Amino acid sequence: MNKTVDLVVPCYNEQEVIATFYNETNAVVSKIPGYDFRYIFINDGSRDNSIGEMKALAALHDEVGYISFSRNFGKEAGIYAGLKASTADLVVVMDADLQHPPAMIPDMIAGIEEGHDCVAAKRTSRTGEGAVKSWFSSMFYKLSNRLSDVKMEEGAVDYRMMTRQMINAILSLCERQRFSKGIFMWVGFDTKWIPYENVERTIGTTKWNFKSLFKYALDGIMCFSTAPLRMVSWMGGVISLLSFIYIIATIIQTCIFGIDVPGYVTTLSAVLFLGGIIEFSVGILGEYIGRIYLEVKDRPIYIVKETNIHETKTDDPVE
Ligand code: UDP
Ligand code: MG
């Protein structure tokens, strides 16, 4: 019997590209013997006619499934919904914009057949991406890999094929604030990396801006590491030590040379410096407390408005 593969494709305002994505992907996967492919498109609260495009495809092709959210929940929620709805032996997570070349799918299958649990794509170049974005991205990897026990692969994108065992492991992590790049690494298993040249987006536009990327980077660090909290303790310790040395030095100085002229500048600098550090520390604590608050509320990761995938749990309106 053929093995089954589900292609999980999160889409947000991708009406121009969905049909092309299907055609190009189908041209590749229909030639792979021994595997049956199915599509799980996730309409992540698009404001355009993405859902119409998905329904049109589903009407023509039995293997096309879609899940439509009640609003935009973000790509991470889309990936989670797709993995949850999948019942296949293997799952591929890929973007709709054809920046993840479908031509790599046969190599991914070959990697799984070699015995790997996961075959993931890794960009070797960042052509078409701004120098500033590339620099921040490389800083993010350096910082997060230094702070966190979970090491993230630089250049890794969310394009990968995984076995059922690994998908079940990912689904067992039921945190609300999902950072897939970290989760994929955290669950472990044996990953084969396939390098590829960055493909520029030809249709549609990127959904990221600087603010959302910054938030994403912060999530990446905060969700997998408590090192910033430890840094606050260290900072407090070092400042206390320095103050202690300063006090002793002042006492000795006063005893030997008598009372000095009052140092307003020194006092003001110390107060402002400490004020800044305290605000910064409260900010870091706040970031963690905010995340605890969101987790404790235990809200669903996404809400389904409509879907044509009924044999799985997703026909439940709430995940
Ligand atoms: N995406 C999504 N929800 C969002 C933002 C993006 O499902 O809130 C999807 C988007 O439709 C695309 C993929 O995530 O299929 C990657 O987005 P994009 O191409 O904008 O990111 P980039 O390639 O620029 O990193
Ligand atoms: Mg893209």
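Read on for an overview of the structure.

Cut-offs used in this document
Once a new chain begins, its residue numbering starts again from 1 and follows that chain's sequence as written. Chains carry letters from A onward and ligands carry numbers from 1 onward, assigned in written order. A pLDDT threshold of at least 70 governs which residues receive local features in this predicted model, and a stricter bar of 80 or more applies before side-chain atom pairs are shown or counted, although totals over entire chains, interfaces and linings include all residues. The side-chain numbers reported here are obtained from all heavy atoms of the structure, hydrogens and water having been left aside. In these notes, residues near a molecule or strand are those with any non-hydrogen atom within 4 Å of it. Two N or O atoms count as a polar contact when they lie within 3.5 Å, although within protein this holds only if one can serve as hydrogen donor and the other as acceptor, and sequence-adjacent residues are included solely when both atoms are side-chain atoms. Methods summary: accessible areas were calculated by the Shrake-Rupley approach with a probe of 1.4 Å, and residue burial reflects only the protein chains presented. Residue polarity follows a fixed list, in which Ala, Val, Leu, Ile, Met, Phe, Trp, Tyr, Cys and Pro are nonpolar, Asp, Glu, Lys and Arg are charged, and the others, Gly among them, are polar. Working definition: helices are DSSP H or I runs of at least four residues, strands are E runs of at least two. Numbering for both runs from the N terminus. The classification of residues rests on relative accessible area computed with a 1.4 Å probe and restricted to protein chains. Under 20% of the type maximum is buried, over 50% is exposed, and intermediate values are partly exposed. In this count, Lys and Arg are taken as positive residues and Asp and Glu as negative ones, while His and the chain termini are left out. Any Lys or Arg side-chain nitrogen found within 4 Å of a carboxyl oxygen on Asp or Glu counts as a salt bridge. Residues are treated as being in contact if the distance between any of their heavy atoms lies within 4.5 Å.

## Quick word on the site of ligand 1
Inspection of the region around ligand 1 gives 16 residues, with E14, D44, D97, T206 and K207 positioned closest. One nitrogen or oxygen atom from the main chain of P10 is found 2.8 Å from an oxygen atom belonging to ligand 1. E14 places a polar side-chain atom, nitrogen or oxygen, 2.5 Å from an oxygen atom of ligand 1. Contact with the protein chains covers 87% of the free accessible surface of ligand 1, which is 530 Å². The residue makeup of the shell around ligand 1, split by class, is five nonpolar, four polar and seven charged.

## Regarding the side chain of D44
Within the fold, D44 resides in the loop between β2 (35–43) and α2 (50–60). No salt bridge forms around the buried D44; measuring N to O, its nearest opposite-charge neighbour R71 is 7.0 Å away. A polar atom in the side chain of D44 sits 3.0 Å from the backbone nitrogen of G74. Aside from chain neighbours lying at most four places away, what touches D44 is C11, Y12, F69, R71, N72, F73, G74 and K75.

## Quick word on the pattern of salt bridges
Counted under the stated rule, the structure contains twelve salt bridges. Note that R176 and E295 form a salt bridge whose closest N and O atoms lie 3.9 Å from each other. Separated by 119 residues along the polypeptide, R176 in the loop between α6 (164–171) and α7 (180–186) and E295 in helix α10 (residues 264–297) bring together distant segments of the chain. As a salt-bridge pair, K215 and D219 come within 3.4 Å of each other at their nearest N and O atoms. Of the two residues, K215 and D219 both sit in helix α8 (residues 210–222), four residues apart, roughly one turn of that helix. Using a relative accessible area of 16% as the deciding quantity, one classes D219 as buried. A single salt-bridge network, built from bridges that share partners, covers K75, D95, D158 and K181.

## A word on unusual backbone geometry
One non-glycine residue, N13, lies in the positive phi region at around 55°. When its relative accessible area of 22% is taken as the criterion, N13 is described as partly exposed. Despite not being glycine, L98 shows a phi value in the positive range, around 65°. Locating L98 in the fold gives a position in the loop between β4 (90–93) and α4 (105–113).

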